[in-house]
Structures are given as C-alpha cells and as structure tokens.
Amino acid sequence: MQPDQILERLDPEQREAAISLVGPTCILAGAGTGKTRTVTHRIAYGIAKGYFAANRILALTYTNRAAGELRSRLRQLGITGVSVKTFHAAALAQLQYFWPQFAGISAPSVIESKAKLIFQVAESLKLKFDTASIRDIAAEIEWRKFSMLSLDDYEQLAASRPKVAGLSAEVLVQLQRGYEEAKIASNRLDWEDVLILTLGMLRAEPRALAHVQQQYRFFTVDEYQDISPLQHELLDLWLGDHQDLCVVGDPNQTIYSFTGATSEYLHNFTNRYESATLVSLTRNYRSTQEIVSFANKLTRDATDMSPLVSQGTLGTAPLIRSFDSLADEAKAIAKSISDRLEQGISPAEIAVLYRVNGQAEPIEHALSALGIDYQVRGGERYFSRQDVQQALAAFRVEALSSPDAPSFEAVSKVLRSLGWTTTAPAERGAAYERWEALNALMQILEEQVEELTLADFSKELEERVRSQHEPVKAAVTLATMHSAKGLEWDVVYLAGLTDGYLPIGYAKTEAEIAEERRLFYVGVTRARKQLSLSYPSADVPGGRKREPSRFLKLVTA
C-alpha cells in the first residue's frame, strides 16, 4: 500500500497525528474517536515513508486484547514484524532472555494469581477473608509496587491509605511482608516483580540495556493516562536519550489511580517535551448524537479537552428510570433485554454494567429466570474453571517437551485428551458447559493472526490469565464499569446508580470523587445505539432509602 493510500482512510485530525513521525507526539483521543485506527495507520505510514523500521518498533498496551487488536489491524494494512506487547509481556521477555546470562539459571516463574499466597499467609496469621477482601489486598500490593514503594516506605504511610478489608495498617503491613516472604521462599515472582526486576537488571547491566535500546528505537504507548510510575521508569530506560515516542490517552478516562496509575505524565507531556506535536481527536464514530451529548455533560469543566462530536445518527435519548427495589430494577432490565433479543439484537451486543461485582447477583437471578444466557466479566473467572486449569497445565507440560510443535495440532491433541470434540453436545448442561469452555481455547488459537508454536500459545494464555482477557461468547455481558473499559456494545444498561455505589462510599476526597465521575463517563461511552440508566430507591421494598447518584444531576440539568 502506497503512503498516500494509507492516509486516505483518516479524518483530518487522525491524518495530522499519522504524519507526525519525528520526535515526541501526544494524541489526546476521546472515547470512540478511532485511536487504534490512528495509531496503526501512523505506524504503517512511518514504515511506508521509510522513517520507521518495523522490527525496531515497540507498541505497548495494557491488555492482551488491545495488543491483539493492534496486531490484527497492522496485519490488515500489510504490516508485519512490529512488536506489540503489554508492558508486562515486554518486560518478561527481556527478563527471561537476560536472566540466564547474568544469573546462570532460568528466571523464576510467575504466579498466575496472588490470591492463593495471600490466603495461605492469612491462615498463618489466623485471619479469614472472603474473595472480595483477598482481591482488595492484592490490589493494595499492586498499588504499592506500581508506586515504587518498598515495604518500609509503605509502612510509613499505610495509616493514611484507605482501609483495606477492614485491616489496621499494622496488620496489613504484616500481611504484605508475609506475602513477599512466601513468594521468595517458593522462588516465584508476581507480575509487578517482573517490571521491578527488569528495571533493576537493565540499570545494573549496561550490556543488557544497550541491547534493548539497540533493538527498539520507536515507541508507541496506548492508554498513557493509566501509566504507573514503575512503568514510566521502565519506559524512560527503554527510550534512553531518544525521543521517538508517541503516546495516546484520554484524561477523561483516567480510572485506575487505585492501582498506582496517574494521568500526570499525560498532562505534563508537552512540558517535558517542548517540541512535542499535540493532536486532539474529538470526532466520535462509536455512539449516537444523543449518547455523545449525554456523555459530554459529564466532562464539562472537568478537563481541557474539547467535547466529543458524534459522527453518527441522532438516535434515541438515554432513558433514566427508578425502581422500588433491587429486585424490581433487575427484573425490569431482564425484561427489557428479553424484548431486545426478540427484536433480533444479538446477546453479544448487550451489556449490563455496574460499579462493583456484588451488584451483579440480582441481575443474574432475573436473567436466569427468563432463560437468558449471560457471562460475567470479573465474576467467576473463565481461567479459574477446573477444566480450563487442567488444559492450561497440560499445555505447559506439552510445551516443555515439544516447544516448537505446531500449535493447532498440539492444542487439538491436548483438548481431545480432556474430552473435547469438534461437535458440541446436543443437550445443554454440565457436559455442554465443559465443551464450551474447552472449545473457547481452540477459538482463542484461531483468533491469532500469526502462526504460533505451542510454547508461544502457552505464553499467550498466561498473559490472558494475568490481564483477565477472557474469551467472549454469544451471551449478554455483565461487567463492572472498570472491566468494561475498552469494550463497546450496541445496547448498554447502567444499573445500581445510587450514592454509595457511584460514587463509591469510600471516595471522600475531591480527586476520588472526580475519578468516580470519570468512571461513570466510561460506562456511558460504552454504548453505541441505546443507553438505559437505573437505580433502586431501596434495596428491598420499605427498606432504607437510597439516593440516586449525584452524577445523574449533571446529565439531567
């Protein structure tokens, strides 16, 4: 494809970003404005014009899903050879390559989840936690590490941190120390350790750093508003003295500060790089005019970014409804979904979003009562299923003995040994669910744009486990607003919009409330065609009254 042909597919602002090939470039990309199209066309145009060498580009994303989408789009443009990885995958590859050279042994393996270790340490301290508390403790560990705080540093400020799982600061520090000791004793790493150790290794070993800086010369970073201090330190080290960096972000979608992420790097980009090219994308190609107008009310006076401008049809106005109870709200949502399914809308194009996982239960019951199939993102993990765990373990074992085996043949062999067949069982039930779970692994393999070895596919699955990149099936999606980031559906329901949930009860400071408002914005902008919002006046009829989310006043004023 000729350079000018690549640019033909872009709008004026996207084109401006694509032709900025020398030096630092910052793309402020609003929701639904075609950031992936812009980034991939910029890379393709740079290669076509001779500015970039494909094998010296490193494009960094935060999820495997985003990386896969970027690779697929580049392939459609005829571009191969570009490294598209998550921060963690890029760091792990470097750690595994250099560790044997400097340590004389293979790098420690990475734990799939912190939960098991946290649970073991908690038991030794005679503490008991539910799943949600374990998840909160894991998130606090990640925040500490992404913020580049040692345990001693963390201990000094633990008392000023929001309370986690009802623990005192002293006990929380003790639990984290126990977690680190147990991890070291088992010779394992967590995913934050991968970044920390890669950073330390490259700082300590000039030969390794020179090798990486020679390998990668041109960098693109997606979702730059969500970068953490740890990731940014590593990025700076990879860059060295060069400034060939393109970052893409949206300050209105900064929703991960609880993990240590900060949008300050995005806000300060043009101060740090005075010669930077700054481009704003505001043409929204995802949502109707009514939905975009609704979303713009949430960002008014919040940032310096211009409002989104819908390129779609007018559409119908978002609907806001109140109900007497959680059960009434859930039943109404389920009935509305049933009606849409009867109208021919695919279940895969419908989502119900909420603030926390605990809000899903009444919605699940209501959907089940009407026989509507659904999948929960962030609920029971697909990769936690026993049959899927068996398959993952079998892939790892097989990859050790035959790492270069063609993946299709090897994966088929493993899945067949676990009872998978090419034809689904005739009747629904436990056997069908097991087949569906195993078949999803085959579908993941078929989605890959490049031929993989079994070892490559096993690594792909490990990264998907880490980033919670679960396979999608033809069912209604239930998800938290956080886990819905980067996704979109034709029909979206935002449920349980009451103060205490949105904003969440523990959000007290101005900055925390502002982040909750941005989270609401993320939820709203997931909808393409139809958007419904609702809240219960009480949990149960006659129960304690709940107030509608204060953010609803912003969109109804």
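How each quantity is defined
- Residues numbered from 1 in each chain as written.
- Predicted model: local features only at pLDDT ≥ 70, side-chain atom pairs only at ≥ 80, totals over all residues.
- Heavy atoms only, no water.
- Domains from an automatic or database assignment.
- UniProt positions renumbered as here; feature names shortened; annotations may be inferred.
- Helix = DSSP H or I, 4+ residues; strand = E, 2+ residues; numbered from the N terminus.
- Core = buried A, V, L, I, M, F, W, Y, C linked by side-chain atoms within 4.5 Å.
- Buried < 20%, exposed > 50% of the residue type's maximum accessible area, 1.4 Å probe, protein only.
- Contact = heavy atoms within 4.5 Å.
- Pairing = 2+ DSSP bridges.
- Axes fitted to C-alpha atoms, helices over the stretch in contact; angles between N-to-C directions.
- Parallel < 35°, antiparallel > 145°, perpendicular 65-115°, else oblique.
- Left-handed = near helix turned anticlockwise from the far one by under 90°.
- Nonpolar A, V, L, I, M, F, W, Y, C, P; charged D, E, K, R; others polar.
- Expected span 1.5 Å × (residues − 1).
- Polar contact = N/O pair within 3.5 Å; in protein donor to acceptor, adjacent residues only side chain to side chain.
- Right-handed = clockwise from strand over helix to strand, strands pointing away.
- Salt bridge = Lys/Arg side-chain N within 4 Å of Asp/Glu carboxyl O.

Caption draft 1: A look at the domain arrangement of the protein chain. Taken domain by domain, the protein chain holds domain 1 (3-91 + 204-281), domain 2 (114-188), domain 3 (296-379 + 474-554) and domain 4 (382-467). Here the C-alpha centroids of domain 3 and domain 4 sit 33 Å apart.

Caption draft 2: Layout of the UniProt feature "domain: UvrD-like helicase ATP-binding" (unreviewed entry) in the protein chain. Using the residue numbers shown here, the UniProt feature "domain: UvrD-like helicase ATP-binding" (unreviewed entry) corresponds to residues 8-288. Between the end C-alpha atoms of residues 8-288 the distance is 24 Å, and the span holds 51% helix and 12% strand.

Caption draft 3: Region of the structure containing the nonpolar core. Phe87, Leu202, Leu235, Trp238 and Leu245 are the most contacted members of the largest nonpolar core, which totals 41 residues. Discounting residues that sit within four places of it in the chain, tryptophan 238 has contacts with Leu58, Leu60, Phe87, Ala90, Ala91, Gln94, Leu202, Val212, Gln213 and Phe219. One finds Ile504, Ala507, Phe520 and Leu531 within the second-largest nonpolar core, a separate group that totals 34 residues.

Caption draft 4: Up close: the sheet that holds strand E15 (residues 489-494). If you trace the six strands from one edge of the open sheet to the other, you get E11-E16-E15-E12-E14-E13, paired in parallel fashion. In this open sheet, the two strands that pair with only one neighbour each are strand E11 (319-323) and strand E13 (374-377). Adjacent strand axes in the sheet meet at a mean angle of 20 degrees, parallel and antiparallel pairs treated alike. Relative to strand E16 (residues 527-536), E15 runs parallel, the two sharing five bridges. The residue bridging tryptophan 489 from the neighbouring strand is alanine 527, located in E16. Sheet contacts for helix H16 (residues 326-342): E11, strand E12 (350-354), strand E14 (476-480), E15 and E16; angle to E16, the most-contacted strand, approximately 160 degrees.

Caption draft 5: The arrangement of the packing of helix H5 (residues 87-103) against helix H11 (residues 206-215) in detail. At a minimum axis distance of 11 Å, the contact between H5 and H11 shows a crossing angle of 150 degrees. Overall, the two elements H5 and H11 adopt an arrangement that is roughly antiparallel. Here H5 and H11 pass one another in a crossing that is right-handed. Here Gln94, Tyr97, Phe98 and Phe102 of H5 lie close against H11, whose contacting residues are Arg207, Ala208, His211 and Val212. Partitioning the contact of H5 with H11 into residue classes produces five nonpolar, two polar and one charged.

Caption draft 6: Expanded view of helix H10 (residues 191-204). Look at H10: 20 Å from first C-alpha to last across 14 residues, which is about the 20 Å you get at 1.5 Å a residue. Those residues of H10 that sit buried are Trp191, Glu192, Asp193, Val194, Leu195, Thr198, Leu199, Met201 and Leu202. With a side-chain oxygen lying 3.2 Å from the backbone nitrogen of glutamate 192, the N-terminal cap of H10 falls on aspartate 190.

Caption draft 7: Spatial organisation of the packing of helix H6 (residues 115-124) against helix H9 (residues 169-185). Where H6 contacts H9, the two axes come as close as 9 Å, and the packing angle between them is 120 degrees. It follows that H6 is oblique to H9 by the angle criterion. Between H6 and H9 lies a crossing of right-handed hand. Residues Leu117, Ile118, Val121 and Ala122 of H6 form the contact with H9, whose participating residues are Leu175, Gly178, Tyr179, Ala182 and Lys183. By residue class, the composition of the contact of H6 with H9 is seven nonpolar, one polar and one charged.

Caption draft 8: Region of the structure containing the sheet that holds strand E1 (residues 25-29). Reading across the sheet, the six strands line up as E3-E2-E6-E7-E1-E8 and stay open at both edges, with parallel pairing between neighbours. Each edge of the open sheet is held by one strand with a lone partner, namely strand E3 (83-86) and strand E8 (277-281). Going from strand to strand, the sheet's axes swing by 15 degrees on average, the running direction of each strand aside. With three bridges joining them, strand E6 (residues 218-221) and strand E7 (residues 245-249) adopt parallel strand pairing. When the sheet's bridge partners are listed, valine 221 is paired in E7 with valine 247. Across the face of the sheet, helix H4 (residues 64-76) comes into contact with strand E2 (57-61) and E3 while running at roughly 165 degrees to E3. Here H5 sits on the sheet and contacts E2, E3 and E6; the angle it forms with E3, its principal contact strand, is near 105 degrees.

Caption draft 9: Looking closely at the pairing of E16. Within E16, seven of the ten residues are buried, leaving the element largely enclosed by the surrounding structure. As judged from the five bridges shared by E11 and E16, these two strands associate in the parallel manner. Note on E16: the bridge partner recorded for phenylalanine 323 is proline 536. In the classification by handedness, the crossover that spans E15, the intervening helix H22 (residues 510-524) and the parallel E16 is right-handed.

Caption draft 10: Fine view of the environment of valine 411. Turning to its location among the elements, valine 411 is positioned in helix H19 (residues 407-417). Along the sequence, valine 411 and leucine 157 sit 254 residues apart, while their C-alpha atoms lie 48 Å from each other. For valine 411, the residues in contact, after removing those within four places along its chain, are Phe395, Met442, Leu445, Leu454 and Phe457.

Caption draft 11: Seen up close, the pattern of salt bridges. Under the counting rule described, the total for this entry stands at 30 salt bridges. Between arginine 161 and glutamate 140 there is a salt bridge, with its nearest N and O atoms 3.0 Å apart. Taken together, the positions of arginine 161 in the loop between helix H8 (151-157) and H9 and glutamate 140 in helix H7 (residues 131-146) put the pair 21 residues apart, joining distant regions of the chain. You can call glutamate 140 buried: its relative accessible area is 4%. The residue aspartate 152 makes a salt bridge to arginine 177 at a minimum N-O spacing of 2.9 Å. Taken as a pair, aspartate 152 in helix H8 and arginine 177 in helix H9 lie far apart in primary sequence, 25 residues in all. Of the residues examined, arginine 177 reaches a relative accessible area of 28% and is grouped as partly exposed. Three or more residues are tied together by salt bridges with common partners; here these are Arg144, Lys145, Glu180, Lys183, Asp190 and Asp193.

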